[in-house]
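So you can see what is in the structure, the chains are spelled out below.
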Amino acid sequence: MIFGGFGATLRLGSATQNPYLLKRNNKNNYLSTNLVLRSDINKYLKGSSMKTNKNLTRMEYGLLAGVVGIILNLFLFLFKLGIGFFSLSISIIADSINNLSDGASAIVAIIGFKIADKPADNEHPFGYARGEYISGFIISILIVVIGIQLLINSIKSIIEPTELIVNIYVIIILICSILVKLWLYKFNMNIGKKINSHTLIATAVDSLNDVYVTLGVLCSIILSYYINFNLDAYIGCVIAIFIIYSGFKLIKETVSPLLGEAPNPELIQNIKSNVMSYDGVIGFHDLIVHTYGHAQVFCSLHVELDAKVDIMLSHELIDTIERELSQKLGINMLIHLDPVITDNKCIMEMKEMLEEIVYKIDTKLEVHDFRIIKEAPYTNLIFDLAVPDDFVMSDEDLVKEINTKVKGYSDFLRCIVKVDKNYISTYI
């Protein structure tokens, strides 16, 4: 839709004929308007190039985080495994295996970023950016698996306890592990928030879980030494349950965007306020937002304009809104034009009557695309009806009830209703 407004200006011959653009841009001649449009197109193309560079930089951030994670977790695995066998501590050995799984998670994250960076093709026209969500989901599964394995090993150690060997080297290794994992948590969390990556945020949370695990192991070893009772396995059980809970929480967070979660309320408010800021816009409806990974947001909506205005001028305004919102919000906009009759008293009264009937059924119901077609002996009230998710009445029963109440005004009125789903909450 980048060149839609430009084409419309060429067809009209003069942008100053459009009252919408007159109010908004205050342009005085065809040349100045076209220079502005060309400038906007150039800015958009430059913005697209910048987005591409940001995506490349994003992948590089992901690769950096993955490589750092592999190196540090392999280092911790080798040291903890050695000290675990030396001290005969089941929790330290389990913790070392946990670090090995974290290294594997880092490899999964790298693969996810590589897949997400692939360009769109015929089979996947929206790109592969959701591949990053899949890698985050796999990491979350690994967290749960490690937690379950740690719980099983801890229970076995409670049933068959072993003597714990404690010395200064065990303490030093565990403290160093805690410091490394704290640094890795902050490192991954900062990058994850910077590039809005579910995968790296999940990895950061896993690193923080490892801090709790190792801290618990350290405390249990020190306490066991002073109270002469082996707490190692009991602490292992508590930590394992915490890890399993965190893993399931991350699974929910990573699966949500794959299933198609509701868009960010802040984005919806930005779209609403920006669309309504244009002179000539009466209202809008049927707002739908699809997300296909980072920086791959597609938005469609219907915008209502006065039916009296020349269709070419209205089309030019729609193209302008599409182009400017795409640039400003960094999303792909697709807008459908809905002409609305605003000066016909009969139509306005009929619409008010219909809205009163509908709102008495449920205030969340929304009427739009209203029009009247006379088909002797009936007068057809044709409209779309947006229904919220939590509406309990079936579509058939809803249409039947509306028709029954409309006929209370006149037997010659008939409703032809298209029931729509309201994909964006009215209260966002």
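Quick notes on the rules
- Residues numbered from 1 in each chain as written.
- Predicted model: local features only at pLDDT ≥ 70, side-chain atom pairs only at ≥ 80, totals over all residues.
- Heavy atoms only, no water.
- Patch = residues over 30% accessible without salt bridge, like charges linked within 9 Å, V, L, I, M, F, W, Y side chains within 5 Å.
- Areas by Shrake-Rupley, 256 points an atom, 1.4 Å probe, with all protein chains shown as cover.
- Salt bridge = Lys/Arg side-chain N within 4 Å of Asp/Glu carboxyl O.
- Helix = DSSP H or I, 4+ residues; strand = E, 2+ residues; numbered from the N terminus.
- Buried < 20%, exposed > 50% of the residue type's maximum accessible area, 1.4 Å probe, protein only.
- Pairing = 2+ DSSP bridges.
- Axes fitted to C-alpha atoms, helices over the stretch in contact; angles between N-to-C directions.
- Contact = heavy atoms within 4.5 Å.
- 1 Å grid on protein atoms, 1.4 Å probe; cavity = no way out; pocket = protein on both sides within 12 Å on 5 of 7 lines; lining within 4 Å.
- Points joined across faces, edges and corners; volume = space filled by probe spheres on them.
- Nonpolar A, V, L, I, M, F, W, Y, C, P; charged D, E, K, R; others polar.

Caption draft 1: Representation of a nonpolar patch on the surface within the structure. A cluster of nonpolar side chains, Ile222, Leu223, Tyr225, Tyr226, Ile227, Phe229 and Tyr234, forms an exposed patch at the surface whose accessible area comes to about 780 Å². Along the polypeptide, Tyr226 turns up in helix α7 (residues 198–227). A relative accessible area of 65% means that Tyr226 is categorised as exposed.

Caption draft 2: Representation of the sheet that holds strand β4 (residues 366–375) within the structure. The 3 strands are arranged β4-β5-β6 in an open sheet whose pairing can be described as mixed. In this open sheet, the two edge strands, each paired with only one partner strand, are β4 and β6 (413–421). Neighbouring strand axes in the sheet, compared pairwise and without regard to direction, differ in orientation by 15 degrees on average. Bridging between β4 and strand β5 (residues 378–387) involves 8 bridges; their strand directions are antiparallel. From the neighbouring strand, Ile373 faces β5, where its bridge partner is Asn380. With respect to the sheet, helix α11 (residues 345–361) is in contact with β4, β5 and β6, its orientation differing from that of β4 by roughly 130 degrees. Of the strands in this sheet, β5 and β6 touch helix α12 (residues 395–407), which is tilted by about 150 degrees from β6.

Caption draft 3: Inspection of empty space enclosed by the protein at higher detail. The final tally for this structure, using the stated rule, is 2 cavities of 30 Å³ or more. What lines the largest cavity is a set of 17 residues, and nearest its centre among them are Gly69, Asp102, Ala106, Asn188 and Thr203. Classifying every residue of the lining of the largest cavity gives 6 nonpolar, 8 polar and 3 charged.

Caption draft 4: Representation of the sheet that holds strand β1 (residues 281–291). The 3 strands are arranged β1-β2-β3 in an open sheet whose pairing can be described as mixed. Each of the sheet's edge strands pairs with one partner strand only, and the pair in question is β1 and β3 (332–340). On average, each strand axis in the sheet is inclined to that of its neighbour by 15 degrees, with strand direction left out of account. Pairing geometry for β1 and strand β2 (residues 297–306), over 8 bridges, is antiparallel. If you follow Val289 over to β2, its bridge partner there is Cys299. Of the strands in this sheet, β1, β2 and β3 are in contact with helix α10 (residues 311–329), which crosses β3 at around 155 degrees.

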